[in-house]
Amino acid sequence: MQRRITGFGLDDKGERFARLDCGHRQHVRHRPPFVERPWAESEAGRASMLGETLDCLRCDRLEMPDGVTPYRETPVFDQATVPAGLLKDHETKPGTWGRLEVLAGRMRCVFADPVGRAADLGAGENSPIPPEASHHVELHDGARFRVVFLRVAADGG
Ligand SMILES: [Zn+2]
């Protein structure tokens, strides 16, 4: 998914990375002629890229970033009590991850493009739900579940 750049930092090896609004980090190397990112070399160049987007493959792979904090969870839902909105495509707010926790039965969490994949989950399993990723859930075999919401760290972790 395309993610907005919220800042920059240096990792343990002195490599420059961009902080993205999903909570992930992405290296922004300038290695001509393979990777042309002259803007990454200067303070002014990096500042000019704040708010621009990069494609985050870690979101597409449903990888929860480090440094997220749970702040709310839904009640436990089953086939009778699941809100209709969860069965249709919907998405979380910018900067908010979900974690679908299956307590019983089986569930399928289907992500629309650009993530474009589905997670099949049994009891005791869970799936990260990236911010703003359109998805819906399907309940099977007496599924019971809840969703925990997690906030990305303000400094991007
Ligand atoms: Zn991401």
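Going by the structure above, here's the rest.
Starting afresh in each chain, residues are numbered from 1 along the sequence in its written order. Totals for whole chains, interfaces and linings use all residues, but because this is a predicted model, local features are given only for residues with pLDDT of at least 70 and pairs of side-chain atoms are given and counted only at 80 or more. Heavy atoms throughout the structure, all of them, feed into the side-chain values; hydrogens and water do not.

K.L.:
Even after reading the chapter, I still don't get the nonpolar core, so can you show me in this structure?
P.N.:
Within soluble globular proteins, side chains that are nonpolar generally end up buried alongside one another. Put simply, a nonpolar core is a bunch of buried Ala, Val, Leu, Ile, Met, Phe, Trp, Tyr and Cys residues held in one set by side-chain atoms that sit within 4.5 Å of each other. Exposure classes here rest on a 1.4 Å probe applied to the protein chains alone. A residue is buried below 20% of its type maximum, exposed above 50%, and partly exposed in between. Leu 100, Met 107, Cys 109, Phe 111, Val 137, Leu 139 and Phe 145 are the most contacted members of the largest nonpolar core, which has 21 residues in total. Of all elements in the fold, only strand E7 (96–111), strand E8 (117–122) and strand E10 (135–152) reach the threshold of two or more residues within this core. Runs of H or I in DSSP of at least four residues are treated as helices and runs of E of at least two as strands, each being numbered from the N terminus. The dominant element in this core, judged by the number of residues it contributes, is E10, at six residues. When sequence neighbours within four positions are dropped, the list of residues in contact with Phe 145 reads Pro 75, Val 76, Phe 77, Val 82, Leu 86, Leu 100, Glu 101, Val 102, Leu 103, Met 107 and Leu 139. Core analysis: the second largest hydrophobic core is formed by 17 residues, Ile 5, Val 28, Trp 39 and Leu 54 among them. The contact rule is simple, with two residues in contact once any of their heavy atoms fall within 4.5 Å.

K.L.:
Sorry, what's going on with the side chain of Thr 92 here?
P.N.:
Residue position: Thr 92 is located in the loop between strand E6 (77–78) and E7. Judged by relative accessible area, which is 11%, Thr 92 ranks as buried. Among the polar contacts made by the side chain of Thr 92, one reaches the main-chain carbonyl oxygen of Thr 96 at a distance of 2.7 Å. Ignoring any residue separated from it by four or fewer positions in sequence, one finds Thr 92 in contact with Pro 130, Pro 131, Glu 132 and Phe 149. Each polar contact in these results corresponds to two N or O atoms within 3.5 Å; when the atoms are within protein, one needs to be able to donate a hydrogen and the other to accept it, and residues that are neighboring in sequence are counted only if both atoms are side-chain atoms.

It is worth stressing that arrangement in space is one thing and function is another; only the former is reported here.
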